[in-house]
Amino acid sequence: MSKFEKKFGRYAIPNLTLILILSYVAGYVIELLGSAAGVNMLGFLTLDPYRILHGQIWRLVTWVIVPPDSFDVFTIIMLYFYYSLGTTLERTWGTYRYNVYIFSGILFTVVGSFLCMGVVYLMYGSLPTEIASAYFYSGSYAFSTYYINLSIFLAFAATYPDMQVLLMFVIPVKVKWMGILDAVLMLYYVIKGGVFTKFAIIASLLNFVLYFYRMHRSRISPKQMHRRAQFEKKSNAGRAKVTRHKCAICGRTEEDDPSLEFRFCSKCNGNYEYCQYHLFTHEHVK
């Protein structure tokens with residue numbers, strides 16, 4: 001993980017939880033526009049592997065913005081709760097590791113939807129086009145970010161098991177007991193649910209299984225994880241590369257673009273170096 005973070009950590013997306021919540025807002029807007037036009041617009045965005053294989057490849061991405069069923073005060077409270085949990089985990093683990101956790105959950109869900117379709121065909125054999133289209137469309141709503149959000153809560157409960165929250169804003173409960181309750185409910189749904197529900201839950205929570213296994217093997221406490229993330233962040237910040245050339249106007253160096261050419265200006269008072277785009281267009285320093 002550390003080796004990959006050194007190479008790809010700069011591409012990590014900060015405040016990823018907020019971005020996911022804003023995507024829900026976009027989903028609600030699309031739903032309202034569709035309702036006004038009498039069209040179920042969200043039906044064109046779900047993770048439907050059957051339709052993806054028939055050319056609707058945008059569904060590989062757009063299913064992420066499909067929001068919860070209802071938009072009310074309880075949904076707002078739930079989203080704010082997940083925002084708080086996600087932000088805390090990002091500070092504890094570091095932005096890169098949190099990105100890996102979320103995107104792995106998304107990737108596992110996509111793969112799980114296709115595996116689910118394969119299992120359905122193994123169970124029922126070839127299906128008529130009309131039946132297959134309707135069947136996989138109805139099942140596509142099971143594959144949502146709901147269980148990915150739940151994996152955020154489970155990871156928080158595993159990281160901070162003794163932290164207390166107010167259940168119903170009144171009853172103090174340790175997070176670990178709520179996490180255990182959610183895990184039991186998910187196990188129940190896997191056993192009793194349909195084939196789409198089974199695959200959606202298992203695929204979406206694989207990232208938590210891998211995280212929990214890693215945490216159990218390493219036996220690192222949350223405080224140690226937070227200190228390690230802060231230490232690595234400071235260490236990486238102190239390893240800024242020393243460049244040979246830097247444009248006095250735009251600040252670009254040979255690290256930004258190896259093809260850039262740099263020259264010193266003989267008409268400027270002092271050692272001022274410029275890239276090829278600003279060498280002849282800058283104002284001379286007197």
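This text gives an overview of the structure that appears in the document.

The rules behind each value
Residues numbered from 1 in each chain as written. Predicted model: local features only at pLDDT ≥ 70, side-chain atom pairs only at ≥ 80, totals over all residues. Heavy atoms only, no water. Helix = DSSP H or I, 4+ residues; strand = E, 2+ residues; numbered from the N terminus. Buried < 20%, exposed > 50% of the residue type's maximum accessible area, 1.4 Å probe, protein only. Contact = heavy atoms within 4.5 Å. Areas by Shrake-Rupley, 256 points an atom, 1.4 Å probe, with all protein chains shown as cover. Expected span 1.5 Å × (residues − 1). Disulfide = S-S within 2.5 Å. Axes fitted to C-alpha atoms, helices over the stretch in contact; angles between N-to-C directions. Parallel < 35°, antiparallel > 145°, perpendicular 65-115°, else oblique. Nonpolar A, V, L, I, M, F, W, Y, C, P; charged D, E, K, R; others polar. Phe/Tyr/Trp six-rings, centres within 6.5 Å; stacked < 30°, edge-to-face > 60°. Salt bridge = Lys/Arg side-chain N within 4 Å of Asp/Glu carboxyl O. Arc of directions from axis to C-beta.

## Remarks on the overall build of the protein chain
Here is step 1: Across its full length, the protein chain carries 12 helices and four strands.
Here is step 2: By residue count, 39% of the 286 residues in the protein chain fall in the buried class.
Here is step 3: In the protein chain, once contacts between residues fewer than 6 apart in sequence are set aside, the share between residues at least 24 apart is 63%.
Here is step 4: When the accessible surface of the protein chain is summed, it comes to about 17700 Å², and 66% of that surface belongs to carbon and sulfur atoms.

## Regarding helix α6 (residues 95-124)
Here is step 1: Between its first and last C-alpha, α6 extends 44 Å over 30 residues, near the 44 Å set by a 1.5 Å rise per residue.
Here is step 2: Looking one or two residues past α6, Gly125 carries a phi angle of roughly 75°, positive in sign.

## Brief notes about the state of the cysteines
Here is step 1: Using the criterion set out here, one finds zero disulfides in the structure.
Here is step 2: Free of any disulfide, Cys250 has its nearest neighbouring cysteine sulfur in Cys247, separated by 3.7 Å.

## Points about the packing of helix α5 (residues 73-93) against α6
Here is step 1: Relative orientation of the contacting elements α5 and α6 amounts to 125°, with a least axis distance of 6 Å. Between α5 and α6, the crossing angle belongs to the class labelled oblique. Of α6, the residues touching α5 (which contributes Gly86, Leu89, Glu90 and Trp93) are Thr95, Arg97, Tyr98 and Tyr101.
Here is step 2: Of the residues belonging to the contact of α5 with α6, the class tally is four nonpolar, two polar and two charged.

## Things to note about the packing of aromatic side chains
Here is step 1: Applying the stated criterion to the full structure yields 17 aromatic pairs.
Here is step 2: Considering the side-chain rings of Phe81 and Tyr82, the 6.1 Å spacing of their centres and the 55° angle between planes classify their relative orientation as tilted.
Here is step 3: Centre to centre, the rings of Trp93 and Tyr211 are 4.8 Å apart; their planes meet at 40°, and the pair counts as tilted. With Trp93 in helix α5 and Tyr211 in helix α11 (residues 206-218), this pair connects stretches of sequence that are 118 residues apart. Across the pair, exposure class does not vary: Trp93 and Tyr211 are buried alike.
Here is step 4: Three or more aromatic residues link up through ring pairs in this structure, and these residues are Tyr50, Tyr121, Tyr124, Tyr135, Phe136 and Phe196.

## A closer look at the pattern of salt bridges
Here is step 1: Taken as a whole and assessed by the stated rule, the structure comprises four salt bridges.
Here is step 2: Where Asp162 meets Lys174, a salt bridge forms, and the shortest distance between an N and an O atom there is 3.9 Å. Placement of the pair is Asp162 in the loop between α8 (146-159) and β1 (164-167) and Lys174 in strand β2 (residues 171-174), with a sequence separation of 12 residues.
Here is step 3: The class for Asp162 is partly exposed, based on a relative accessible area of 48%.

## Looking at helix α7 (residues 129-140)
Here is step 1: Relative to the 16 Å expected for 12 residues at 1.5 Å per residue, α7 spans 16 Å between its end C-alpha atoms, a close match to the ideal helical length.
Here is step 2: Buried residues of α7: Ala132, Ser133, Phe136, Gly139 and Ser140, and no others. One side of α7 carries all its buried residues, which in axial view fall inside an arc of 145°.
Here is step 3: Its buried side turned inward, α7 meets α3 (49-52), α6 and α10 (195-204).

## Regarding unusual backbone geometry
Here is step 1: A positive phi angle, close to 55°, is found at Asn15, a residue other than glycine.
Here is step 2: Its place among the elements puts Asn15 in the loop between α1 (2-8) and α2 (16-37).
Here is step 3: The exposure class assigned to Asn15 is partly exposed, which follows from its relative accessible area of 41%.

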